[in-house]
Amino acid sequence: MTKKERVLLVTEALNREYGTEVVTYLHYEEPWQLLFATILSAQCTDDRVNMVTRDLYKKYTSVEDFAEAELPELEKDIYSTGFYKNKAKNIKACAAALLERHGGEVPSSIEELTALPGVGRKTANVVRGNIFHEPSIVVDTHVKRVSRLLGLTKETDPEKVEFDLMKILPKDQWILYNIQIIAVGRTWCISGRPKCADCILRECCKSAK
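Residues numbered from 1 in each chain as written. Predicted model: local features only at pLDDT ≥ 70, side-chain atom pairs only at ≥ 80, totals over all residues. Heavy atoms only, no water.

Student: An account of the nonpolar core is needed here, citing residue identities and associated values.
Tutor: Across soluble globular proteins, nonpolar side chains show a tendency to be buried alongside one another. In this structure, Leu35, Phe36, Leu56, Phe66, Leu74, Leu116 and Val119 are the most contacted members of the largest nonpolar core, which totals 37 residues. Residue assignment for this core shows that the elements contributing at least two residues are helix H2 (31-40), helix H3 (46-59), helix H4 (63-67), helix H6 (84-102), helix H7 (110-114) and helix H8 (121-130). If you tally residues by element for this core, the top one is H2, at seven residues. The residues touching Phe66, leaving out its near neighbours within four places in the chain, are Trp32, Phe36, Leu56, Tyr57, Tyr60, Leu74, Ile91, Lys92 and Ala95. Listed in part, the 22 residues of the second largest apolar core include Val7, Leu14, Val143 and Val161. (Core = buried A, V, L, I, M, F, W, Y, C linked by side-chain atoms within 4.5 Å. Buried < 20%, exposed > 50% of the residue type's maximum accessible area, 1.4 Å probe, protein only. Helix = DSSP H or I, 4+ residues; strand = E, 2+ residues; numbered from the N terminus. Contact = heavy atoms within 4.5 Å.)

Student: How would you explain the packing of aromatic side chains if you had to name every residue and give the values?
Tutor: Tallying each qualifying case throughout the model produces seven aromatic pairs. For the ring pair Tyr79 and Tyr84, a centre distance of 4.7 Å and an interplane angle of 50° mean the geometry is tilted. Residue classification places Tyr79 among the exposed residues on the basis of a relative accessible area of 53%. Three or more aromatic residues link up through ring pairs in this structure, and these residues are Trp32, Phe36, Tyr57, Tyr60 and Phe66. (Phe/Tyr/Trp six-rings, centres within 6.5 Å; stacked < 30°, edge-to-face > 60°.)

Student: Outline a positive patch on the surface, listing residues and values.
Tutor: The grouping of Lys3, Lys154, Lys167 and Lys206 at the surface amounts to a positive patch. Here Lys3 lies in helix H1 (residues 3-18). Exposure remark for Lys3: the relative accessible area of 40% places this residue in the partly exposed category. (Patch = residues over 30% accessible without salt bridge, like charges linked within 9 Å, V, L, I, M, F, W, Y side chains within 5 Å. Areas by Shrake-Rupley, 256 points an atom, 1.4 Å probe, with all protein chains shown as cover. Salt bridge = Lys/Arg side-chain N within 4 Å of Asp/Glu carboxyl O. Lys, Arg positive; Asp, Glu negative; His and termini not counted. Charge placed at Lys NZ, Arg CZ, Asp CG, Glu CD.)

Student: Quick one: what's the story with helix H9 (residues 141-150), residue by residue and with numbers?
Tutor: Regarding H9, the residues found buried are His142, Val143, Val146, Ser147 and Leu150. Around the axis of H9, the buried residues are gathered within 110° of arc, so they sit on the same side. Where the residues of H9 are buried, they touch H1, helix H10 (158-168) and helix H11 (174-187). By the N-cap criterion, in which a side-chain oxygen at the helix start approaches the backbone nitrogen of a residue two or three places on, H9 is capped by Asp140, the distance to His142 being 3.2 Å. (Arc of directions from axis to C-beta. Polar contact = N/O pair within 3.5 Å; in protein donor to acceptor, adjacent residues only side chain to side chain.)

Any link to function would need more than the numbers given here.
In structure tokens, the structure reads:
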């Protein structure tokens, strides 16, 4: 099976199982809320982030509120997401940069987004794909691990994985792939205890046993 044939089978199986509607697991109403929630999601579950932001966005209702927040208080507010000192510092600095450089609005280009404090390519691509509907591939731990098992990349660096996937996945599948592969990683391709026999991708996975 060629890589092109494998990609076709993978995307067809994913679309059959999960459909083609773009959804995000992080709750938000404003673009900046998704940006900050994605920063909080590093090394943290989406469910935990949603629990924290439910109250956080009632307390801090604007970009200005975050820019003016007292760091010790913000750290306390996001403590349960882990790495709270670094995340609080980045969110406060990111909010200040949004106000200073972009009038408080979230920019759409990858270059402008990754120039913001605490924003890497993963966070930038989440925002681009969900807010601006720009074709974007988000590489988190599930996408990196499952893509390697499927035989779609041999890379371990997230940015290199992203560019490998960009070469072989159809553009209209880019943001969907992340959403769908996260579901596969949580349901069947569980790290250390995969359920290969039941997995929807077993027929096109190089690692299925």
